[in-house]
Amino acid sequence: MSEEFYRMKRLPPYVIAEVNAMRAAARAAGEDIIDLGMGNPDLPPPDHVIAKLCEVAQKPSAHGYSQSMGIPGLRKAQANYYGRRFGVDLDPESEVVVTMGSKEGLASLATAITAPGDVVLAPNPSYPIHMFGFIIAGATIRSVPTTPDEHYWQALDRAMAFTVPRPSILVVGYPSNPTAETVDLAFYERLVAWAKENKVWVLSDLAYSELYYDGNPTPSILQVPGAKDVAVEFTSLSKTYSMAGWRIGFAVGNRQLITALKRVKSYLDYGAFTPIQAAACAALNGPQDIVQKNRELYHKRRDVMVEAFGRAGWDIPAPKASMFAWAPLPPALKDMGSLEFSKQLLTHAKVAVAPGVGYGEDGEGYVRIAMVENEQRLRQAARNIKQYLKSMGVNTPAKGAA
């Protein structure tokens, strides 16, 4: 009875959990920690969405089992969103399923379509469920780059030529979590053609579809003609409408994959609480000013963070999208490694960030910074970090205080 369970042996320790435990302990001790570690929105959902939740929750009939694939009105609302945002036609009955966040959707689809020993191509670094959803399902992961340049395509071709068995699934996620990298529609056109040629399913994670900056809307893979032959795409209300804890997401696209996902989910759950689904309808169908408001707010936070951290002596590339910055360690501290650097920031600067190595070995040398604190707190984080860098003997630019 002392042997470790099979799937537990396939899951490494969750590196980010180390920093999370330190953060929790520091806060329990009364320390003021500026938390830029977890992508947990600090903003409330729109008032009309909360009002709809309360309204439906007061109905006696609303408290029974719901539908695992999502109530019809919500599936229709998501299809309408794709129509007006991307110009993509979706059948709410056969091409849309509601998930408990995109994370659950990815994991459930992995369970549905993966056989032990299958090879899955997943980006490295990437959001952990992109790899571990399939590892839990029994697959083997072959890593491909996250950066969408020519090296990416070369890695895909090498994987198909030299991997046994041949990979059958490719996971993509843009805007990327954690790197915040983006792609254009031409990338997806090339990807769909590649997937068809190589008979590979494509799972696209578009959780940050509405958090784009500088006037460059993020495309959907389903905008490519014929993409539904090979692709499913996951989206979420978590960041768009500040509804992270509500756990509402969607999978849309290829009918065969959607049918498989529905079938597995019918065994696993009865769907999200009906009042939550009704409120999600209100979010998608109602006033959309919250979407633009959130985008502008994160844009301002991005600019404040990049400027203040730069003045503190830590140059951070400005992300083009998402709520994250992918920050290289200050050159003088690079040998420390991302996990130790994150621990040092937490201990000495009272700032929590996520170590890049927690998103795959190719994330080493970086940390992910979530823009989930207000501008004043971001500036305070920069001041704290400046003092920490000085204490480590790192030269800071002579541009004045952060």
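Residues numbered from 1 in each chain as written. Predicted model: local features only at pLDDT ≥ 70, side-chain atom pairs only at ≥ 80, totals over all residues. Heavy atoms only, no water.

1. Things to note about the packing of helix α11 (residues 289-311) against helix α13 (residues 375-391)
Thinking step 1. Where α11 meets α13, the closest approach of the two axes is 9 Å, and the angle between their N-to-C directions is 20 degrees. Regarding the angle of α11 to α13, the classification is roughly parallel. As α11 runs across α13, the sense of the crossing is right-handed. Listed contacts from α13 to Lys300, Arg301, Val304, Met305, Ala308, Phe309 and Arg311 of α11 are Glu375, Leu378, Arg379, Ala381, Ala382, Ile385 and Lys386.
Thinking step 2. When grouped by side-chain class, the residues that make up the contact of α11 with α13 number 8 nonpolar, no polar and 6 charged. (Axes fitted to C-alpha atoms, helices over the stretch in contact; angles between N-to-C directions. Helix = DSSP H or I, 4+ residues; strand = E, 2+ residues; numbered from the N terminus. Parallel < 35°, antiparallel > 145°, perpendicular 65-115°, else oblique. Left-handed = near helix turned anticlockwise from the far one by under 90°. Contact = heavy atoms within 4.5 Å. Nonpolar A, V, L, I, M, F, W, Y, C, P; charged D, E, K, R; others polar.)

2. Some words on the packing of aromatic side chains
Thinking step 1. Throughout the structure, instances matching the rule amount to 15 aromatic pairs.
Thinking step 2. Ring plane angle 90 degrees and centroid distance 5.4 Å describe the contact between Tyr152 and Trp153, whose orientation is recorded as edge-to-face.
Thinking step 3. Looking at Tyr152, the relative accessible area reads 1%, which means it is buried.
Thinking step 4. Residue Trp153 is classed as buried on the basis of its relative accessible area, which comes to 7%.
Thinking step 5. With centroids separated by 5.1 Å and ring planes inclined at 5 degrees, the aromatic side chains of Trp326 and Tyr366 adopt a geometry described as stacked. (Phe/Tyr/Trp six-rings, centres within 6.5 Å; stacked < 30°, edge-to-face > 60°. Buried < 20%, exposed > 50% of the residue type's maximum accessible area, 1.4 Å probe, protein only.)

3. Looking at the pairing of strand β12 (residues 366-370)
Thinking step 1. The element β12 is largely enclosed, with a buried count of 4 among its 5 residues.
Thinking step 2. Across 5 bridges, the pairing between strand β9 (residues 324-328) and β12 is antiparallel. Across the sheet, residue Ala327 finds its bridge partner in β12, namely Val367.
Thinking step 3. Direction of pairing for strand β11 (residues 354-355) relative to β12: antiparallel, over a ladder of 2 bridges. Of the residues in β12, the one forming a bridge with Ala354 is Arg368. (Pairing = 2+ DSSP bridges.)

4. Considerations on the sheet that holds β11
Thinking step 1. If you walk across this open sheet you meet the 3 strands as β9-β12-β11, and the pairing is antiparallel. With partners counted over all chains shown, the strands left at the sheet margins are β9 and β11, one partner each.

5. Focus: the nonpolar core
Looking at soluble globular proteins, one finds that nonpolar side chains tend to be buried together.
Thinking step 1. Counting 55 residues, the largest nonpolar core has Tyr152, Leu170, Leu191 and Trp194 as the members making the most contacts within it.
Thinking step 2. If you list the elements that add at least two residues to this core, you get α4 (72-86), β2 (96-99), α7 (150-162), β5 (169-173), α8 (185-198), β8 (249-253), α10 (274-285) and α11.
Thinking step 3. Apart from residues lying up to four places away in sequence, Leu170 is in contact with Leu121, Val144, Tyr152, Leu156, Leu191, Trp194, Val200, Trp201, Val202 and Leu203.
Thinking step 4. The next biggest cluster of nonpolar side chains, apart from the first, holds 38 residues, and it includes Leu329, Leu345, Ala382 and Ile385. (Core = buried A, V, L, I, M, F, W, Y, C linked by side-chain atoms within 4.5 Å.)

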